[in-house]
Amino acid sequence: MYVVETDTSWLTVSKNEVRASLQEIGEDAGAKALAEIEALAAEFDVELVTELREGTPDEEIVEYVDDEAVDLVVMGTHGREGIRRRLVGSVAERVVREAPVPVTTVTDAGDTEQ
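The structure contained in this document is the topic of the report that follows.

Across its full length, the protein chain carries four helices and four strands. Helices and strands appear in the protein chain in the N-to-C order β-α-β-α-β-α-α-β. The burial tally for the protein chain puts 21% of its 114 residues in the buried class. Accessible area of the protein chain: about 8,200 Å², with a carbon and sulfur share of 51%.

Here it is as structure tokens:
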């Protein structure tokens, strides 16, 4: 699942233009990311369902879990810590708290953004 987040800050002057740009960039990035994972799954003969949505990532993920009777969520994290995590927040953390099913988080060993 890839969620395009198009929410704009209240400080944004031209919300519609910014939102449209975020949507276009996000949809392109999402389509590319999903195509890559679909190709990888096909290479290993793994059945895969992908979904591209727009909205608030944690809310869309939890809604999808409810709508599709998902029994486990596996999601990546960026490994942020300290003040950056508090300022940026964590989609994975919110999904862990809100999802009605178990959530497993994984991080790339090389992804140690602080």
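That was the structure; now back to the text.
So, about the nonpolar core. In terms of nonpolar packing, the biggest core is built from 10 residues, these being Val3, Ile61, Val62, Val65, Val73, Met75, Ala92, Val95, Ala99 and Val101. Within the residue set of this core, elements represented by two or more residues are helix 2 (57-68), strand 3 (73-77) and helix 4 (91-98). With three residues, helix 2 is the single largest residue contributor to this core. With sequence-adjacent residues up to four places away left out, Ile61 is seen in contact with Met1, Val3, Val73, Met75, Val91 and Val95.

Summed over the entire model, instances satisfying the criterion amount to five salt bridges. In this structure, Arg53 engages Glu51 in a salt bridge whose closest nitrogen and oxygen atoms are separated by 3.3 Å. For Glu51, a relative accessible area of 25% corresponds to the partly exposed category. Where Glu63 meets Arg53, a salt bridge forms, and the shortest distance between an N and an O atom there is 3.4 Å. One end of the pair, Glu63, is in helix 2; the other, Arg53, is in strand 2 (residues 52-54), with 10 residues separating them in the sequence. Here the residues in one salt-bridge network are Glu51, Arg53, Glu60 and Glu63, joined through shared partners.

Once that is clear, we can look at a nonpolar patch on the surface. Where nonpolar side chains cluster on the molecular surface, the patch consists of Ile37, Leu40, Phe44, Val46 and Leu48 and spans about 460 Å² of accessible area. Position of Leu48 relative to the elements: it lies in the loop between helix 1 (15-43) and strand 2. The class of Leu48 is partly exposed, set by a relative accessible area of 39%.

Attention now goes to the side chain of Ser90. Along the chain, Ser90 turns up in the loop between helix 3 (82-88) and helix 4. Ser90 sits in the buried class, given a relative accessible area of 17%. At 2.9 Å, the side chain of Ser90 and the backbone nitrogen of Glu93 are in polar contact.

Position of Gly55 relative to the elements: it lies in the loop between strand 2 and helix 2. A sequence separation of 51 residues divides Gly55 from Val4, and the C-alpha atoms of the two residues are 6.2 Å apart. Non-local contacts of Gly55, meaning those with residues more than four positions away in its chain, are made with Val3, Val4, Glu5, Thr6 and Glu60.

Parameters at a glance
Residues numbered from 1 in each chain as written. Predicted model: local features only at pLDDT ≥ 70, side-chain atom pairs only at ≥ 80, totals over all residues. Heavy atoms only, no water. Helix = DSSP H or I, 4+ residues; strand = E, 2+ residues; numbered from the N terminus. Buried < 20%, exposed > 50% of the residue type's maximum accessible area, 1.4 Å probe, protein only. Areas by Shrake-Rupley, 256 points an atom, 1.4 Å probe, with all protein chains shown as cover. Core = buried A, V, L, I, M, F, W, Y, C linked by side-chain atoms within 4.5 Å. Contact = heavy atoms within 4.5 Å. Salt bridge = Lys/Arg side-chain N within 4 Å of Asp/Glu carboxyl O. Patch = residues over 30% accessible without salt bridge, like charges linked within 9 Å, V, L, I, M, F, W, Y side chains within 5 Å. Polar contact = N/O pair within 3.5 Å; in protein donor to acceptor, adjacent residues only side chain to side chain.

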